[in-house]
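# Structure assessment
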Amino acid sequence: MKILKQPTAAALLLAAGLSAFSAGALAKDMKCNCLNDAESQLDGKSFESGGTTYKLDCKDTFKSSSDSYSTQGWNDYVKLKIGTTSWSSNDVNIQMRPRKSSECMLVVTDQDKKTRWAGTYCDTGNYKKITDFDFDEKNGSYSLGGAVNTATKQNIFLVLATKSDGRFYSNALCVENK
C-alpha cells in the first residue's frame, strides 16, 4: 500500500487563495480531474492567477496511487494527461493531443507565455509529450498553467499541487470548458 504524506486540501485552499466563487464576467470555467481527497475542497471554488479567475468544477476524481489521469472528454479541442501523481522536481511533463484532426495543436505556452512547443500536431490517437513546465509557488501551494492553441481555439489548462517531504503532489488537472 502506497501512503503519500500530503498537506490537506483545506490547507491548499487557504494558502493558494482559493475561495467560494462570486460572479465575475472574466472568470474561466475549468473542468477538472481532482484528487479524491481534495474534491470537496476544490469543487466550485475559484483560483486566481495573473489577474484571471478560474472557476473549478471537479468532473472526476483520481486516487493518490493512480498511474495516470486525464481531462477525459471535457474539452472539445484538446485532451491532457499526466502519467504520475507526484514529482521529485519542479519540472512537470504533460501529454497533450487534439480531439479533432481538424483542430491540430499549433503552439503550447506556459503560464509566463513562454513557448514550450510549436509545430503542427494533428494525431488524435497519440499524445505529444510537452516537457519542463514549472510550478509557481504562492503561500506554500503550487500551480502551473498554460495554453494549447489549436487551429481555432486557445485552451487554458491548470495543474494544482502541494509539496511535502521534497515532493510535489497533484491535487487537480484542469482544462478550460470549451
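For the structure, see preceding data.
This is a predicted model, so every value here is computed, not measured. (Residues numbered from 1 in each chain as written. Predicted model: local features only at pLDDT ≥ 70, side-chain atom pairs only at ≥ 80, totals over all residues. Heavy atoms only, no water.)

### Here we look at the overall build of the chain
- Each helix and strand in the chain was counted, giving two helices and 15 strands.
- The burial tally for the chain puts 44% of its 178 residues in the buried class.
- For the chain, contacts bridging at least 24 residues in sequence account for 62% of all contacts bridging at least 6.
- A total accessible area of about 8400 Å² is found for the chain, and carbon and sulfur atoms account for 42% of it. (Helix = DSSP H or I, 4+ residues; strand = E, 2+ residues; numbered from the N terminus. Buried < 20%, exposed > 50% of the residue type's maximum accessible area, 1.4 Å probe, protein only. Contact = heavy atoms within 4.5 Å. Areas by Shrake-Rupley, 256 points an atom, 1.4 Å probe, with all protein chains shown as cover.)

### Overview of the nonpolar core
- Core analysis: the biggest nonpolar cluster contains 41 residues, and Ile 94, Met 96, Phe 133 and Phe 135 have the highest contact counts within it.
- Here this core gets six residues from one element, more than from any other, and that element is strand S14 (residues 154-164).
- Setting aside chain neighbours within four positions, we find Ile 94 in contact with Leu 80, Lys 81, Ile 82, Lys 128, Lys 129, Ile 130, Phe 133, Leu 144, Phe 157 and Val 159. (Core = buried A, V, L, I, M, F, W, Y, C linked by side-chain atoms within 4.5 Å.)

### As for the environment of Asp 136
- Inspection of the secondary structure assignment puts Asp 136 in strand S12 (residues 136-138).
- The class of Asp 136 is partly exposed, set by a relative accessible area of 36%.
- Taking the C-alpha atoms as reference points, Asp 136 and Ala 161, 25 residues apart in sequence, are found 9.9 Å from one another.
- If we skip the residues at most four places from it in the chain, Asp 136 touches Gln 111, Ser 141, Tyr 142 and Ser 143.
- A polar contact of 3.3 Å, which involves the side chain of Asp 136, links it to the side chain of Gln 111. (Polar contact = N/O pair within 3.5 Å; in protein donor to acceptor, adjacent residues only side chain to side chain.)

Limitation: the analysis is restricted to geometry and does not speak to function.
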